[in-house]
Amino acid sequence: MKKIYLPLTKVDVKRLKPGEWVLINGFLLGARDAAHKRIVEGLKAGKRPPVSIKGETIYYTGPAPKRPGEIIGSCGPTTSSRMDPFTATLLKNGLVGMIGKGERSEEVISAIKKYGGVYFITIGGAGAYLSQKVKSANVVAYGDLGPEAIHRLEVRDFPAMVCARG
Amino acid sequence: MTRTVDNRLIFETVKRLCLKANIELREDVLSALKAARRKETGARAKEILGIIIENASIAKEKKLPICQDTGMTAVYLDIGQSVIVKGDLRKAIEKGVAQAYKEGYFRKSVVADPLIRKNTNTNLPAIIHMESVPGRRIRLRVMIKGFGCENTSKTRMFRPTEGISKIEDFVVESVREAGSRPCPPVYIGIGIGGTLDKAVSMSKEAIFRPIGKNSGKPHVKKMEKALLEKINRLNIGPAGVKGGITALGVSILTYPTHIAGLPVAVNISCHATRTAEKTI
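Computed from a predicted structure; not experimentally measured. Chains are numbered independently. Their residues run from 1 in the order of the written sequence. Here the convention is simple: chains get letters from A, ligands get numbers from 1, in the order in which they are written. Predicted model: local features are reported for residues with pLDDT of at least 70 only, side-chain atom pairs are reported and counted for 80 or more only, and whole-chain, interface and lining totals are derived from all residues.

Asker: Can you help me understand the domain arrangement of chain B in this one?
Answerer: When the parts come together, some accessible area is lost, and that loss is often what is quoted as the size of the interface. All names here are of chain B. Domain boundaries shown here were taken from an automatic or database domain assignment. On domain assignment, one finds that chain B holds domain 1 (3-23 + 66-145) and domain 2 (148-278). For domain 1 and domain 2, the distance between their C-alpha centroids amounts to 25 Å. The interface of domain 1 with domain 2 comprises 15 residues on the first partner and 13 residues on the second. Elements supplying a minimum of two residues to the side of domain 1 that touches domain 2: α1 (7-23) and β5 (138-144). The helix and strand labels rest on DSSP assignments: H or I over at least four residues marks a helix, E over at least two residues marks a strand, and numbering proceeds from the N terminus. At six residues, β5 tops the list of elements feeding residues into the side of domain 1 that touches domain 2. Contact between two residues is assigned whenever their backbone-derived C-beta positions fall within 7 Å.

Structure follows, in structure tokens:
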């Protein structure tokens, strides 16, 4: 499988083939429902997100707490379509990549094409397996949201399939 | 003769069952996944089934939850009518759930109010079902179900004159519409009959039945087999990468119903179908 490295440039995105599996390496942001809602409400009110999303890849996940001695708890993907209403705004504000599971709305697919983004899926329900691909994890914003806080995750050879790209 | 059971035993049992269900994949589910890997012809689908099987062994070995979505915990009790529980039964169940989620480092996914949405940080409350049955024993069962698959559940009140083929179409359509969101290969629980709530609760309970064990009613068994075949022709496949194994099994429960109605509920359970039980 081909290895790819974050952050992804527009040129990197163009080189990805839909249907192709890749191993993702580097730093991404972990965020899901509540964080998306808060970021987008902020952007609409003219507030900057608590962490920059420019050039970033967001992994839709809400990890389990880590056991002592582990880096992170189980951390599989959550259903991407719940993030659909917020995605076009994030892409417009510089987000490049998304990793989750399941189909996206037509609105999201056209926003991906328009802004040159990319959507990957990974293996839902394989949270224990995927946790072994995470090399560091920290909460970087919205700590009050508990499992829905924004995490900074460093991954090594994290498997994902290219679903749609700009 | 009555039998007295201390609520501490209920607490301990619920705690153990929650830990076990979240960490150790059911034997029947694991065997069904292994059989699916043998049967699946696509290389990618085979590989994904391999990762799902590896996930189960990593979880067991490292005591990690099989999936980070450790659900809103459902606890089912069948209480023998000769049993007297010493102490508060409901509190003991909830304490067992909370303790397991703390000790197991499981995610707390429950919000106190569906509209205000503040996390309770304990995974409480649990969903508790209690039935009174003859005898001196208590059967405890827990079901851990993530919301990726829970959100794809469907209910329809059919006309009584609509028959089996309409119901089958509805089930197949529900699975098609769910796509890869419920984490296929899935296990399908279906409730037919009763009232709206009875059909839904049967569709949940159907998931406790071991995969591969069909209904004892010949016409229902026939439906289970026909549905499994139709669903596996949808070509959704493991994780949605296409393939011949979209579902591992179909389990239907039925109940008498009203002359004017035919309620049907479809409950899709992910490949991490997690339940555990013990009788005390």
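There is more to say after this.
Asker: How should the packing of helix α2 (residues 27-39) of chain B against helix α3 (residues 43-62) of chain B be read in this particular structure?
Answerer: Helix packing geometry: the angle between the two helix axes and the distance between the axes. Residues and elements named next belong to chain B. In this analysis, axes come from line fits to C-alpha atoms, helices being fitted only over the stretch in contact, and the angle between any two N-to-C directions falls in the range 0 to 180 degrees. Two numbers describe how α2 lies on α3: the axes approach to 9 Å, and their chain directions differ by 155 degrees. Comparing the axis directions of α2 and α3 gives the class roughly antiparallel. Handedness of the α2/α3 crossing: left-handed. Counted together, Leu 30, Leu 33, Lys 34, Ala 36 and Arg 37 of α2 and Lys 46, Leu 49, Gly 50, Ile 52, Ile 53 and Ala 56 of α3 form the full contact between these two elements. Side-chain classes are defined by residue name, with Ala, Val, Leu, Ile, Met, Phe, Trp, Tyr, Cys and Pro counting as nonpolar, Asp, Glu, Lys and Arg as charged, and the others, Gly among them, as polar. Classifying every residue of the contact of α2 with α3 gives seven nonpolar, one polar and three charged. For this classification, under 35 degrees means roughly parallel, over 145 means roughly antiparallel, 65 to 115 means roughly perpendicular, and everything else is oblique. Note on convention: near helix rotated counterclockwise from far helix by under a right angle means a left-handed crossing. Clockwise means right-handed.

Asker: Quick question: what am I supposed to make of the nonpolar core here?
Answerer: Nonpolar side chains in soluble globular proteins tend to be buried together. By our criterion, buried Ala, Val, Leu, Ile, Met, Phe, Trp, Tyr and Cys residues that link up through C-beta atoms within 7 Å make up a nonpolar core. Between the buried cut of 20 or more and the exposed cut of 12 or fewer other C-beta atoms within 10 Å of a residue's own C-beta lies the partly exposed class, and all C-beta atoms are placed from the backbone. Core analysis: the biggest nonpolar cluster contains 123 residues, and Phe 120 of chain A together with Val 14, Val 97, Val 142, Ile 188 and Ile 190 of chain B have the highest contact counts within it. Top element by residues in this core is α1 of chain B. It accounts for eight residues. When residues of this core are sorted by domain, at least three fall in each of domain 1 (3-23 + 66-145) and domain 2 (148-278) of chain B. Apart from the residues within four sequence positions on either side, Val 14 of chain B is in contact with Val 75, Ile 93, Gly 96, Val 97, Leu 140 and Val 142 of chain B.

Asker: Got a minute to help me understand α3 of chain B in this structure?
Answerer: Note: α-helices contain 3.6 residues per turn, so residues at a spacing of three or four share the same orientation. If you check α3 of chain B, its first and last C-alpha atoms are 28 Å apart, about what 20 residues at 1.5 Å a residue would give, namely 28 Å. Burial in α3 of chain B covers these residues: Ala 45, Ile 48, Leu 49, Ile 52, Asn 55, Ala 56 and Ala 59 of chain B. Down the axis of α3 of chain B, the sector holding all buried residues measures 105 degrees, keeping them to one side. Seen from the open side of α3 of chain B, the exposed residues pointing more than 90 degrees away from its buried face are Ala 43 and Glu 61 of chain B. Considering only its buried residues, α3 of chain B is in contact with α5 (127-131) of chain A together with α1 and α2 of chain B. Positive backbone phi, approximately 55 degrees, marks Lys 63 of chain B, located one or two places after α3 of chain B. In this scheme, a helix's expected span is set at 1.5 Å multiplied by one less than its residue total. Taking the helix axis as origin, the arc is that swept by the directions to the C-beta atoms.

Asker: What's the story with the packing of helix α6 (residues 164-178) of chain B against helix α8 (residues 218-232) of chain B in this structure? I'm lost.
Answerer: Residues and elements named next belong to chain B. Running from amino to carboxyl end, α6 crosses α8 at an angle of 40 degrees, the nearest separation of the two axes being 10 Å. In terms of orientation, α6 lies oblique with respect to α8. Like other packed secondary-structure pairs, α6 and α8 cross with a definite hand, here right-handed. Residues Ile 164, Glu 168, Val 171, Val 172 and Val 175 of α6 lie in contact with α8, whose contacting residues are Met 223, Ala 226, Leu 227, Lys 230 and Ile 231. Counted by class, the contact of α6 with α8 contains eight nonpolar, no polar and two charged residues.

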